[in-house]
Amino acid sequence: MGRMENQKLAIKIAIQAQLTRGWDCPAIHLLGDSGCGKTAFSESYATSIKGSIFVDVSSTSLMPEYMGGIPTLDREAGVARMMPVSLFEPLLGAESGTGILLVDEFLDGSTPFRAACHKVITHKEIGDLKMPMKTAIIACSNPDDISTTGGTMSVPLVMRFCTIEFLDDLDDFRLNTATYGVNGHRWAEEESLVLPSDWEKHIPECVQLRNAFLAAKPDQYNSRASANEMFGSLMLGESAPQPSKRSWTYATNLLAACKSLNVSREVQRILVAGCVGETACDLFFTFISDANLPCSESLLRGERPTLPNRHDLLGVVMGGVVSAILDNNTVDRYTAGYAVAKWLDQSTGGVAQAVIAMSMIPMFQNIPAGMGSPPSDVQYFMDILVESGMLARRQNG
């Protein structure tokens with residue numbers, strides 16, 4: 001896949017993550033030159049999703065009250081309620097997982113307008129009413145050096161987004177305007193993307209990766225972008241994506257969505273960098289490459305390669321095995337998973353039992369039909385979790 005295809009796929013994954021999980025998946029902010037097609041692409045893809053409810057607004061024509069609600073007197077209750085304008089009515093009544101809001105020229109809106117968007121983005125609240133949490137939000141902007149007002153992102157606002165530099169591409173332009181003069185100036189329709197219904201099962205594996213990285217690089221947990229911070233070809237300064245508890249959570253969930261589709265590392269990097277910034281992203285993927293983690297399927301087949309010389313990475317290894325099991329959860333594969341856990345434990349002399357056990361939580365929560373209680377030689381993993389209150393013991397186990 002080329003650069004443009006990777007970029008489009010990353011955007012589609014981020015939109016679908018919002019529509020299927022919602023609450024801890026980020027809104028998307030597309031930054032690119034004027035006329036590069038970021039709005040056209042967003043509209044084309046949003047309307048390609050079957051059953052979608054699409055609302056397109058421009059921040060340049062909106063006041064802060066449009067996002068925070070307009071005070072409206074409720075005579076019966078004797079209070080004023082913050083009511084949304086009719087622009088958002090379709091989204092307020094949309095079914096969960098169908099609403100998509102596009103805010104164009106986002107940075108050209110006033111600073112009070114952008115401040116009023118905080119709860120819209122994270123809580124899907126417009127005034128006193130709420131959109132479904134599984135509503136996707138897309139913002140499109142020109143960089144501040146060419147925008148009409150020169151607006152920039154505050155740090156609290158940028159941490160609510162996955163920022164993607166929307167790069168122009170001549171070949172894509174030629175393809176998408178091939179019907180110009182026949183169907184009017186319309187871009188070719190984008191193919192809809194569907195995430196696997198169980199894509200969230202990859203989250204525990206990605207959490208283990210993230211936690212192992214942050215244990216090794218604690219300075220990348222929460223740090224501010226510098227005044228001259230670059231993001232791709234853009235000088236965003238303190239408005240660049242940057243690591244925090246929220247942005248790492250976003251990055252982890254988007255990485256899980258990527259793993260469910262087995263997409264390229266480049267697509268993964270676009271989304272992770274869009275949440276935590278390019279420096280943290282580069283260090284994260286270098287850490288993964290250097291860890292040289294074994295293949296989960298080979299472990300389930302009985303292969304026993306050399307393990308990483310880090311106990312915290314054993315949770316990552318076991319988390320990958322658990323995700324592989326849940327992809328095809330049979331009694332044989334489940335039993336093989338017990339054998340892997342036992343081997344990991346024995347390889348470290350038992351010092352990593354808690355780490356391995358925590359990685360096995362999704363496994364214990366999804367025992368296949370026909371599978372009895374864990375064998376006695378791995379029962380202690382479940383006991384660790386039950387005693388810590390992290391797992392309820394099976395009534396029949």
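What counts and how
- Residues numbered from 1 in each chain as written.
- Predicted model: local features only at pLDDT ≥ 70, side-chain atom pairs only at ≥ 80, totals over all residues.
- Heavy atoms only, no water.
- Pairing = 2+ DSSP bridges.
- Helix = DSSP H or I, 4+ residues; strand = E, 2+ residues; numbered from the N terminus.
- Axes fitted to C-alpha atoms, helices over the stretch in contact; angles between N-to-C directions.
- Buried < 20%, exposed > 50% of the residue type's maximum accessible area, 1.4 Å probe, protein only.
- Phe/Tyr/Trp six-rings, centres within 6.5 Å; stacked < 30°, edge-to-face > 60°.
- Core = buried A, V, L, I, M, F, W, Y, C linked by side-chain atoms within 4.5 Å.
- Polar contact = N/O pair within 3.5 Å; in protein donor to acceptor, adjacent residues only side chain to side chain.
- Contact = heavy atoms within 4.5 Å.
- Parallel < 35°, antiparallel > 145°, perpendicular 65-115°, else oblique.
- Left-handed = near helix turned anticlockwise from the far one by under 90°.
- Salt bridge = Lys/Arg side-chain N within 4 Å of Asp/Glu carboxyl O.
- Patch = residues over 30% accessible without salt bridge, like charges linked within 9 Å, V, L, I, M, F, W, Y side chains within 5 Å.
- Areas by Shrake-Rupley, 256 points an atom, 1.4 Å probe, with all protein chains shown as cover.
- Lys, Arg positive; Asp, Glu negative; His and termini not counted.
- Charge placed at Lys NZ, Arg CZ, Asp CG, Glu CD.

Observations regarding the sheet that holds strand 5 (residues 99–104)
Okay, so step 1: In spatial order, the strands read 2-5-8-1-9; together these 5 strands make up an open sheet with parallel pairing. Since the sheet does not close on itself, it has two edges, and those belong to strand 2 (53–58) and strand 9 (161–165), each with one partner. Across the sheet, the mean angle from the axis of one strand to that of its neighbour is 20°, orientation sign disregarded.
Okay, so step 2: The pairing of strand 1 (residues 27–31) with strand 9 spans 5 bridges and is parallel.

Topic: the pairing of strand 8 (residues 136–141)
Okay, so step 1: Counting buried positions along strand 8 yields 6 of 6 residues, so the element is predominantly enclosed.
Okay, so step 2: Burial of the side chains of strand 8 extends over both faces: A136, I138 and C140 are buried on one face and I137, A139 and S141 on the other.
Okay, so step 3: Where strand 1 meets strand 8, 4 bridges bridge the pair, whose relative direction is parallel. Paired with L31 across the strands is S141, a residue of strand 8.
Okay, so step 4: Judged from the 4 bridges that link them, strand 5 and strand 8 form a sheet pairing that is parallel. Directly across from I100, in strand 8, lies its bridge partner A136.

Remarks on the packing of aromatic side chains
Okay, so step 1: Scanning the model with the defined rule gives 11 aromatic pairs in all.
Okay, so step 2: With 5.8 Å between their ring centres and 65° between their planes, F213 and F287 make a pair best called edge-to-face. Of this pair, F213 sits in helix 9 (residues 203–216) while F287 sits in helix 12 (residues 278–291), and the two are 74 residues apart along the sequence. Accessibility classification places F213 together with F287 in one group, the buried group.
Okay, so step 3: Aromatic rings pair up to connect F213, W248, F284, F285 and F287 into one cluster.

So, the nonpolar core
Okay, so step 1: I13, I15, F106, L271 and F284 are the most contacted members of the largest nonpolar core, which totals 90 residues.
Okay, so step 2: Looking at this core element by element, the count peaks at 9 residues for helix 1 (residues 3–20).
Okay, so step 3: Core analysis: the second largest hydrophobic core is formed by 31 residues, L314, A324, A336 and M382 among them.

Description of the environment of K50
Okay, so step 1: Among the secondary structure elements, K50 is positioned in the loop between helix 2 (38–48) and strand 2.
Okay, so step 2: Residue K50 is classed as exposed on the basis of its relative accessible area of 83%.
Okay, so step 3: In this structure the C-alpha to C-alpha distance between K50 and S192, which are 142 residues apart in sequence, comes to 8.1 Å.

Section: unusual backbone geometry
Okay, so step 1: Even without glycine at this site, E105 takes up a positive phi of about 50°.
Okay, so step 2: Topologically, E105 is positioned in the loop between strand 5 and helix 5 (111–116).

Quick look at the side chain of T98
Okay, so step 1: Among the secondary structure elements, T98 is positioned in the loop between helix 4 (89–92) and strand 5.
Okay, so step 2: Within polar-contact distance, the side chain of T98 engages the backbone oxygen of E95 at 2.6 Å.
Okay, so step 3: With near-sequence residues (within four places) excluded, T98 lies in contact with L19, G51, S52, I53 and K134.

Topic: helix 2
Okay, so step 1: Here helix 2 has its buried residues at K38, T39, F41, S42, S44, Y45 and A46.
Okay, so step 2: Those residues of helix 2 that are buried lie in contact with helix 1, strand 1, strand 2, strand 5 and strand 8.

Let's talk about the packing of helix 11 (residues 265–276) against helix 12
Okay, so step 1: Orientation of helix 11 relative to helix 12, taken along the N-to-C sense of each, is 135°, at an axis distance of 7 Å. Between helix 11 and helix 12, the interaxial angle falls into the category oblique. For the crossing formed where helix 11 meets helix 12, the hand is right-handed. Residue-level inspection shows R265, Q268, R269, V272, A273 and V276 of helix 11 in contact with helix 12, the latter providing E278, A280, C281, D282, F284, F285, I288 and S289.

Section: the pattern of salt bridges
Okay, so step 1: Taken as a whole and judged by the stated rule, the model has 11 salt bridges.
Okay, so step 2: As a salt-bridge pair, E190 and K12 come within 3.3 Å of each other at their nearest N and O atoms. With a gap of 178 residues between them, E190 in the loop between helix 8 (170–176) and helix 9 and K12 in helix 1 connect regions that are remote in the sequence. The pair formed by E190 and K12 is uniform in burial state, with each residue classed as buried.
Okay, so step 3: Sharing partners across several salt bridges, the network here consists of K8, K12 and E190.

What about a negative patch on the surface?
Okay, so step 1: The grouping of D33, D144, D145 and D168 at the surface amounts to a negative patch.
Okay, so step 2: Examined against the element boundaries, D33 turns out to sit in the loop between strand 1 and helix 2.

The values are spatial; any link to function lies outside them.
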